[in-house]
Every structure is written in structure tokens, then in C-alpha cells.
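Okay, here's what each chain looks like letter by letter:
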Amino acid sequence: MDMNTRHLISEAANAFLAAPKRMLIGAEWVEAADGALLDVRNPATGETFARVPAGKAADVDRAVRAARAAFEGGPWPALSPAQRERLLLALADRVEANAQELAEIESLDNGKSLGLARHVDMAMAVDFLRYMAGWATKIEGATHDVSVPFMPQARFFAWTRREPVGVVGAIIPWNFPLLMAAWKIGPALAAGCTVVLKPAEETPLTALRLGELILEAGIPPGVVNIVTGLGETAGAALAGHPGVAKIAFTGSTAVGKLVQRAAIDNMTRVSLELGGKSPVIVLDDADPAQAAAGAAQAIFFNQGQVCTAGSRLYVQRKLFDQVVGELAGIASRMKLGPGLDPASELGPLVSEAQRDRVCGYIDGGVAQGARVAAGGGRAGEPGYFVQPTVLVDVRQDMRVVQEEIFGPVVVALPYDDVDEAVALANDTPYGLGASIWSNDLARVHRMIPRIKAGTVWVNCHSMLDASLPFGGFKQSGIGREMGRAALDMFTETKAVMMAV
Ligand code: NAD
């Protein structure tokens, strides 16, 4: 790592980055069975600043065995719910105590701003682990007063139990790496499951640091195993492994479909948090400046690499020029720079491939007739920067309007009446989030049931809370994470009937 960068991060982060990286399997830190390594790059410079093991099927198999051994016997099933709760709280404390170091590693690895990593990613991970810890002691069944019709004289007592599903394969993306790991590990451990975590190949570092904190917190070895590696090798091996009872996947819709196919033969349970193309709908009574600022936050937060990013802006025609003009002004004034520079408002994208993909979408949109109202392409060398971009003069059927770009690019379209706004908002294969900007409560209430999305925000966007179920309609996924709903995905219901 270059000296300038080294000076910008703490001794603790430097020490972690200087040490050789190994995967966590059972109680051991191990190399890949074949010794292969993956480069980890700093998106602000393109420099390789770390290497991690390139785990493959043999490593995944070892990790699943370790997780299964911890699930079937050993200390994990012997712990009471309250003991699991305390271990998750201890982990949350460890993450909180090391939040600055973790945020520095995350910022370097992903490109996001250090402030965002510290105050959003780490703060939410801590909060989420604490929230989920509480559920460990609140997993309940029900008693049933049954009346078996063909045995009218007999008496039975019946009840349900919720039991941990087993070994969970957690496959996560690169946009909020440590937070996504917490989203999987929290409910899995609260429910009594064990885990094999496969972080994204672009951002594997905080997961490995989390592995150290997991052991320090006293969580028994084998309960969480961490295998770094490519999606098509390590990820695919995990999704198709017969020893895995459930896959909890967050990532793109295309890969989500592969994961679901891989899981079919073993009837592995699957929950999928997938992509989105979330609309921001501005009604004609909205304050244009507030709506523009909200739209900017909705798309440019985390460089637009957010599953719920407000990537389609629909503004009632009479406000269109004003809102889009203000949004383009905000975009043009944003300062691009490395995540570790406190002055930067927009960091680089995560990888060269992602930068090229995003720029390819912008160029494709322009070739189809879109006009650039702000931004329009790459910025700065050698990092993977893309200008915050606003496209207008687009049509609903264009790829830039229909497909997830996953970068700082928003398309803006005018509409005339609310029926048209609802139809346009619902007209993509996705259904993750949507926001409505208006103070006309009656109209907003009437619109909410008509929007096909897992979350609808009003006068805000991409606000999440540990207690609120989160997930997608349509091709944005299956299942809900967070809230009580998350526990359902990590448990099986067992019905019990006793003759009395
Ligand atoms: P991705 O689908 O390319 O990768 C996600 C994970 O899947 C990575 O760990 C990757 O290694 C692994 N993977 C790749 N191929 C695999 C295969 N064949 N089998 C098993 N695993 C495989 O996604 P990404 O580019 O890392 O992340 C961006 C995507 O994630 C976007 O579409 C975004 O919308 C989505 N996302 C969704 C949510 C949500 O909660 N709905 C949250 C964050 C990101």
C-alpha cells in the first residue's frame, strides 16, 4: 500500500492489512487447499493492496463440515437462547469497539467514504446485531386445541416448535460488505443455526476481520466459517452443497436465479435479496428543492451502488424542469475523490468492471437518444470514478430505464397524472423500493397499495430499520430480512401432537 494511504488509516487497520489473510474454518485460519490467492484492489487507485485465499469447492466442503459439526453437537446446540443472545451482544460490542478500524478497511476495499462506512455501515451493523440478539429469547411456537374429526372420542394436545433450519450458506455482495454479513449472521445465530459466509470477491476484508471478532466474542469455533473466493467457484459450491440447509443470498437477480437453480436438487431453502430499479415519484404539490435534494440522496448515496437506489425519477410535468434542473445542479457540484478524503462527496465505484458496466449503460442510453443533463461518464484516473449522471429525454422502454445500472446514474421522466405515475413506477421486472414525495396525505395513502415494491418511503428514500421487514416483490427477491420476519427464514416449524 502506498505511504499516503498508510498515513490516512489507523495503526490497527495497517496491522490488519499487513498480516497474511486466511479463511476461518472451524477454529483454524487456513489457506485455500490449492494455495491460490485473489487480489484485492483499492478502487480509488487501482492498486492491489491485499490478497486473500481463493477458496474453491474443497474449501467450501470443509467449511460446511465444520458448520455441520457445530450444529449437530458441541457447545452450540447446548447453549440456551439467553446465552446465544449474550454472544451476539458481545459481538455487537466488539464491532462497535473496532468500528473505526473496520470502517477504514471497508472504505479502502469498497471505495465508499470513511464517514459513510463508520456512521452508516458500522453503526447499522451494530444496531442490527443487537436487535437480532433480542430475538434469540423470543422464538415461540403455539398451542393448538385440535379436534381430529375421525376420532371424536380421542383427546390430543398439540403444539408447534420453531427449530433452527441447520447450516446456512450466506452469500453476500460488495456494496455494504460488513453490514450484509451482519444481516445474515445475526438472525442465523439468534435462531440457533450455524453459518458458512462467502463474502464478495471484490470486498472480502471486513468479513475476515469480523471472523476474528466472532472468536474474540466467545462464539464457539465452527458456528461461523468464512470462505473467501469467486462466485462461480466458492459461491456456486456453497449454493449446491447438500450439507447446507438454507442459502441466504444477497446480490444480483441474475446470480440469484443461478443460486435458486443450484439449490433445487437438495431442496435447500433459499431467501433472495436481489436487484432493484426503484422509482422516486414526485407529485405536483411537492416542494421542488426538497424533492431534488431527496432524489439526489436517493441515487448518489454510496455511489448509487445501493439495491434500493432511486434510479428512476418521475416528476409531474409542471415541476419537471425545476426538479431536474436542481438535481443536475447538485450532481454537477459533487466533489469526487477517494473515500478516505473527508472532502470527497462521491467515491469511486467498486471495480474497473463495474465502472465500465455503468459507463456502458450511459453510452448505450445516449446512443438510443437520451440527453445528458449532468455528468455523463468517467472521471479521474487511475481510480474507478464515474460522474454523478442525470439522463433526460429517455423512454420507458430503454435499457437505462428498465435495467439496474448500480452506479450514480438516474433517468428522469415526466408524467401527467397519478395513474400514469403508478403505471410507469410498476413497469420494470423489479419491485424492491419506491418513494413518493408529497404532503397530500390522501393521495399518498391511495397510491401506497398500488405500488408493487417491498418498501414504500414517503418524503424519504432508502431508510431502513432493523425492526422493519425488508425484501422485494417480483424479481427483486423472495423472503424478508430484518424484523420478526427474518426469524421465519432461519427456522423450520415442527408440529407436535400428543395423545392424552
Ligand atoms: P453478484 O450477484 O454479482 O454477487 C453477489 C454474490 O454472489 C457475491 O458474493 C458473488 O461472489 C456471488 N456469486 C456470483 N456468482 C455466483 C454463483 N454462480 N453462485 C453462487 N454465488 C455467486 O452481485 P454484486 O455485483 O456483488 O452486488 C450487486 C447486486 O446486489 C445488485 O444487483 C444489488 O441490487 C444487489 N443487492 C441487493 C440487496 C438487497 O437487499 N435486495 C442488497 C445489496 C445488493
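Above: the structure in question.
This write-up is about the structure you can find in this document.

Parameters at a glance
Residues numbered from 1 in each chain as written. Predicted model: local features only at pLDDT ≥ 70, side-chain atom pairs only at ≥ 80, totals over all residues. Heavy atoms only, no water. Helix = DSSP H or I, 4+ residues; strand = E, 2+ residues; numbered from the N terminus. Rg over C-alpha atoms; globule rule 2.2 N^0.38 Å. Contact = heavy atoms within 4.5 Å. Areas by Shrake-Rupley, 256 points an atom, 1.4 Å probe, with all protein chains shown as cover. Lys, Arg positive; Asp, Glu negative; His and termini not counted. Charge placed at Lys NZ, Arg CZ, Asp CG, Glu CD. Near = heavy atom within 4 Å. Polar contact = N/O pair within 3.5 Å; in protein donor to acceptor, adjacent residues only side chain to side chain. Buried < 20%, exposed > 50% of the residue type's maximum accessible area, 1.4 Å probe, protein only. Pairing = 2+ DSSP bridges. Axes fitted to C-alpha atoms, helices over the stretch in contact; angles between N-to-C directions. Parallel < 35°, antiparallel > 145°, perpendicular 65-115°, else oblique. Left-handed = near helix turned anticlockwise from the far one by under 90°. Nonpolar A, V, L, I, M, F, W, Y, C, P; charged D, E, K, R; others polar. 1 Å grid on protein atoms, 1.4 Å probe; cavity = no way out; pocket = protein on both sides within 12 Å on 5 of 7 lines; lining within 4 Å. Points joined across faces, edges and corners; volume = space filled by probe spheres on them. Salt bridge = Lys/Arg side-chain N within 4 Å of Asp/Glu carboxyl O. Expected span 1.5 Å × (residues − 1).

### Section: the overall build of the protein
Across its full length, the protein holds 18 helices and 22 strands. Over its C-alpha atoms the protein spans a radius of gyration of 24 Å, differing by no more than 12% from the 23 Å that the globule rule assigns to 500 residues. Principal-axis analysis of the C-alpha atoms places the extent of the protein at approximately 70 × 65 × 40 Å. For the protein, the proportion of contacts with a sequence separation of at least 24, taken over those separated by at least 6, is 72%. Element-wise, carbon and sulfur atoms account for 55% of the exposed surface of the protein, whose accessible area totals about 19500 Å². Mean positive and mean negative side-chain charge positions of the protein (46 and 54 charges, respectively) differ by 4 Å.

### Structural notes on the site of the ligand
Around the ligand, 27 residues are found, and the nearest of them are Ile-172, Lys-198, Glu-201, Ser-252 and Glu-404. A distance of 2.7 Å separates an oxygen atom of the ligand from a polar backbone atom of Ile-172. Within the side chain of Glu-201, a nitrogen or oxygen atom sits 2.5 Å from an oxygen atom of the ligand. Considered on its own, the ligand offers 850 Å² of accessible surface; in the complex 90% of this is hidden by protein. Elements with a minimum of two residues in the shell around the ligand: helix H10 (231-239), strand S10 (246-250) and helix H11 (253-264).

### Structural notes on unusual backbone geometry
Glycine aside, residues mostly have negative phi angles, and peptide bonds mostly take the trans form. The peptide bond linking Glu-381 to Pro-382 adopts the cis configuration, its omega dihedral lying at 5 degrees. Looking at where Pro-382 falls in the secondary structure, it is placed in the loop between strand S15 (378-379) and strand S16 (385-386). Within the chain, Asn-302 stands out as a residue other than glycine whose phi angle is a positive 60 degrees. By the element assignment, Asn-302 lies in the loop between helix H12 (288-300) and strand S13 (310-316). Here the phi dihedral of Lys-474 falls at roughly 45 degrees; this positive angle occurs in a residue that is not glycine. Mapped onto the secondary structure, Lys-474 falls in the loop between strand S20 (455-458) and strand S21 (477-478). Residue classification places Lys-474 among the partly exposed residues on the basis of a relative accessible area of 38%.

### Quick notes on the sheet that holds strand S5 (residues 143-144)
One open sheet holds the three strands; their spatial order is S5-S6-S22, and the pairing between them is antiparallel. Of all the strands in the sheet, just S5 and strand S22 (491-499) have a single pairing partner and so form its edges. Pairing analysis gives nine bridges linking strand S6 (residues 156-164) to S22, with the strands arranged antiparallel. Directly across from Pro-164, in S22, lies its bridge partner Thr-491.

### Here's the deal with the pairing of strand S19 (residues 433-437)
Among the five residues in S19, five count as buried, and that is most of the element. The side-chain alternation of S19 yields two buried faces, one formed by Gly-433, Ser-435 and Trp-437 and the other by Ala-434 and Ile-436. Here strand S12 (residues 278-282) runs beside S19; their pairing, made up of three bridges, is parallel. Within S19, the position partnered with Ile-281 by the bridge is Ile-436. Strand direction decides the pairing type here: S19 and S20, joined by four bridges, are parallel. Bridged to Ser-435 within S20 is Trp-457.

### Looking at the packing of helix H3 (residues 57-72) against H10
Contact geometry for H3 and H10: axes closest at 8 Å, N-to-C directions at 40 degrees. Our classification of the angle between H3 and H10 gives oblique. The handedness of the crossing between H3 and H10 is right-handed. Residues Ala-57, Val-60 and Val-64 of H3 form the contact with H10, whose own contacting residues are Ala-234, Ala-237 and Leu-238. Tallied by class, residues from the contact of H3 with H10 come to six nonpolar, no polar and no charged.

### Section: empty space enclosed by the protein
Taken as a whole and assessed by the stated rule, the structure comprises four cavities of 30 Å³ or more. Lining the largest cavity are 15 residues, and of these Pro-279, Arg-312, Ala-425, Gly-433 and Lys-452 lie nearest its centre. Of all the elements in the fold, those that place two or more residues in the lining of the largest cavity are S12, helix H16 (418-426) and S19.

### Concerning the pattern of salt bridges
Tallied over the entire structure, the rule returns 29 salt bridges. Residue Arg-269 pairs with Glu-492 through a salt bridge whose shortest N-O separation is 2.7 Å. A residue pair is termed long-range when its members are at least 10 positions apart, and Arg-269 in strand S11 (residues 269-273) and Glu-492 in strand S22 qualify at 223 residues. Given the relative accessible area of 39%, Arg-269 is considered partly exposed.

### What about the sheet that holds S20?
Spatial ordering of the open sheet is given by S14-S17-S18-S13-S12-S19-S20, a layout of seven strands whose pairing is mixed. A single partner strand is all that each edge strand has here, and the edge strands are strand S14 (371-374) and S20. For this sheet, the mean inter-axis angle between neighbouring strands, taken without regard to orientation, is 25 degrees. Lying over the sheet, helix H13 (residues 317-333) contacts S12, S13, S14, strand S17 (389-392) and strand S18 (409-415), oriented at roughly 145 degrees with respect to S13.

### Things to note about helix H8 (residues 177-191)
Its 15 residues give H8 an end-to-end C-alpha distance of 22 Å, which sits within 8% of 21 Å, the value for a rise of 1.5 Å per residue. Here H8 lies mainly inside the structure; 15 of its 15 residues are buried. Among the residues trailing H8, Gly-192 stands out with phi positive, at a value near 100 degrees.

### Observations concerning the side chain of Lys-246
Its place among the elements puts Lys-246 in strand S10. Glu-481 provides the closest opposite charge to the buried, unpaired Lys-246, separated from it by 7.1 Å. Side-chain polar atoms of Lys-246 contact the side chain of Ser-271, separated by 2.7 Å. For Lys-246, the contacting residues outside a window of four places in its chain are Val-165, Val-167, Val-168, Gly-169, Thr-268, Arg-269, Val-270, Ser-271, Met-489 and Phe-490.

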